[in-house]
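Residue strings, one per chain:
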Amino acid sequence: MSDHSMKGRQDITSFNEQGEDRLFRIFFWLLLAGSLFVFFAGIGSIPVLTHNEGRRLVVLQEMLAGGNWLIPTMNGQIYLEKPPLFYWIGATLGLLCHSSAEWVMRLPSGLSAFGAAWLLFARLRKPIGRWPSLFAVLILTTSYFFTQMARVGELDMLLTFCTFAAVLFYYDYLEKGLPRFLYASYSLLGLAFMTKGPVTLLFFFPPILLYGLLFRSRRALYGLLDWRGWLLFMIIALPWFLYMDTHLQGTPLWETFERQISDKVVQKEGDPFYFYLRHLAGGVAPWFLVFFRRPRTLFKKLFTTVAGRYFGLTALVPLIIFSLFDSKSEKYILPLYPALAVWMGLALGYWFEEAKQRWKPLPAVLTAFSGSVIALLVVFYLFIQPHVMSYRFDALKPLAARIDRLRDDNPVYFLEKVSIQLVYYYGRPIPVVTDEEVKKKIGKGESFLLLAMENQQPDLKGTDICLAEKISRYTSRHEELYINKAGRLCHPPS
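All of the points below concern the structure found in this document. (Residues numbered from 1 in each chain as written. Predicted model: local features only at pLDDT ≥ 70, side-chain atom pairs only at ≥ 80, totals over all residues. Heavy atoms only, no water.)

Right, let's talk about the nonpolar core for a bit. Formed by 152 residues in total, the largest nonpolar core has its most connected members in Phe311 and Leu422. Take this core: its biggest share by element is 14 residues, from helix H8 (residues 156-176). With residues up to four places along the chain from it excluded, the contact list for leucine 422 reads Leu396, Leu399, Ala400, Ile403, Phe414, Leu451, Tyr474 and Leu481. (Core = buried A, V, L, I, M, F, W, Y, C linked by side-chain atoms within 4.5 Å. Buried < 20%, exposed > 50% of the residue type's maximum accessible area, 1.4 Å probe, protein only. Helix = DSSP H or I, 4+ residues; strand = E, 2+ residues; numbered from the N terminus. Contact = heavy atoms within 4.5 Å.)

Attention now moves to the sheet that holds strand E3 (residues 412-415). If you trace the five strands from one edge of the open sheet to the other, you get E4-E3-E5-E7-E6, paired in mixed fashion. This sheet does not close on itself; its edge strands, each paired only once, are strand E4 (432-433) and strand E6 (465-471). Judged from the six bridges that link them, E6 and strand E7 (residues 481-486) form a sheet pairing that is antiparallel. Note on E7: the bridge partner recorded for glutamate 469 is isoleucine 483. (Pairing = 2+ DSSP bridges.)

As a further point, take the environment of tryptophan 29. With respect to the helices, strands and loops of the structure, tryptophan 29 is situated in helix H1 (residues 3-40). Expressed as a C-alpha distance, the spacing of tryptophan 29 and asparagine 410, which sit 381 residues apart in the sequence, is 56 Å.

For the structure shown, the criterion picks out 15 salt bridges. Taking the shortest distance from any N to any O, the salt bridge between glutamate 436 and lysine 439 comes out at 4.0 Å. Of the two residues, glutamate 436 and lysine 439 both sit in helix H22 (residues 435-443), three residues apart, roughly one turn of that helix. One continuous salt-bridge network, built from bridges that share partners, spans Arg294, Glu354 and Arg358. (Salt bridge = Lys/Arg side-chain N within 4 Å of Asp/Glu carboxyl O.)

All right, on to the packing of aromatic side chains then. Under the defined criterion, the tally for this structure stands at 46 aromatic pairs. Ring centres of tyrosine 144 and tyrosine 381 lie 6.3 Å apart, and the angle between their planes is 10°; this geometry places the pair in the stacked category. With tyrosine 144 in helix H7 (residues 144-150) and tyrosine 381 in helix H19 (residues 362-388), this pair connects stretches of sequence that are 237 residues apart. According to the relative accessible area criterion, tyrosine 144 is partly exposed, its value standing at 35%. You can call tyrosine 381 buried: its relative accessible area is 2%. When the centroid spacing of 5.1 Å and the interplanar angle of 90° are considered together, the rings of tyrosine 310 and phenylalanine 311 count as edge-to-face. Here the two residues tyrosine 310 and phenylalanine 311 agree in accessibility, since each one is buried. (Phe/Tyr/Trp six-rings, centres within 6.5 Å; stacked < 30°, edge-to-face > 60°.)

Okay, structure coming up:
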């Protein structure tokens, strides 16, 4: 071959590499900017949507108002259903921002989602390649369920960040053998435990143990037995639990965990085994289609690499475990999304390298398509969702102000069941009373407002209670809330 031909080929190769580098930079900045918009833009534009988010935000609100960060309360009552790390982070942000508004309380979730996506890229771009790691970020940034959970004030995204970071640093330990990565992994596992308790371990211990046994990785197995790592985990995870059990009667925390675990494992009417598979098909659409192109060859390629084996198991093993439980919820498997995204990023990377040789415009088309999906998500979250979901919150803020006007310095109670979203907007606890307690208060001549959901509304005939207002379409299209007056409020002096 002539020197002229050799030089020509080198020039073409250099030109192609430069073009791909330029496209990679465009793709990178597109995803970075897109993830900021998807995770954070307009996160305060929608008031509290769900009962679960209401619980988290009320705990945060009361922590900021009362200053007691060790014993969380919800609606004035001690609340130990979940450990306090999410509340501590949210309360810290609230102090820094001097606010308990929705956007501040949702920041822990948005920051956790952003952190999980870009920590993935930072730690894996060299081991698995820059395109597969960036594809994994793309999958997370364009997953509707992942982005939805990044925009609500719930603890599941913080759990996702902590568990995935623990898994990620354990992978670093497997690859490099440096103890600092192992201890970073156990530290993050301790933080995950402080977010949601023992369920955290299901995303860490079983998949790594199975990886070590199946692929005869002594380092993986020895790391799980490292006493220093577990000591570090316990130093981070256990002090608050021990403090609670020494300052409160009985063992309320462990009883709560035992009840939660039994509720998840055994339920009278469980969801089908394929519940999560059906959810994931929509959760990572359309990227899951990459698994259907020559699947046998693809899975063979995935399981010939350390990263493919490791992240495949850290996604699939928890998925199988949670599928065996009777109680199922989409958010239970949120922590496996980043590992699944890595696995899919590897698969998409194989397809990308193969397809771009035959179709040169592919990188540009993929970039344009990804940008379009991100733009659609941003438009949905900023404009469509607030309009479509408005029936869930339209009544809340005006109602909180109206209650203050109606009560005339008298107390307010919920009958039997609390609406925690309303408590958040009311800004202070609203105690729950039973029907018997209501009768006793009326017998004593007390005056108060009584809030009741439709199925709790008392029979008002022959009582000193009268209906003040009925709120239709309260947090759902068919739900109603009744505002009742009692005592002098019902029969004001003439």
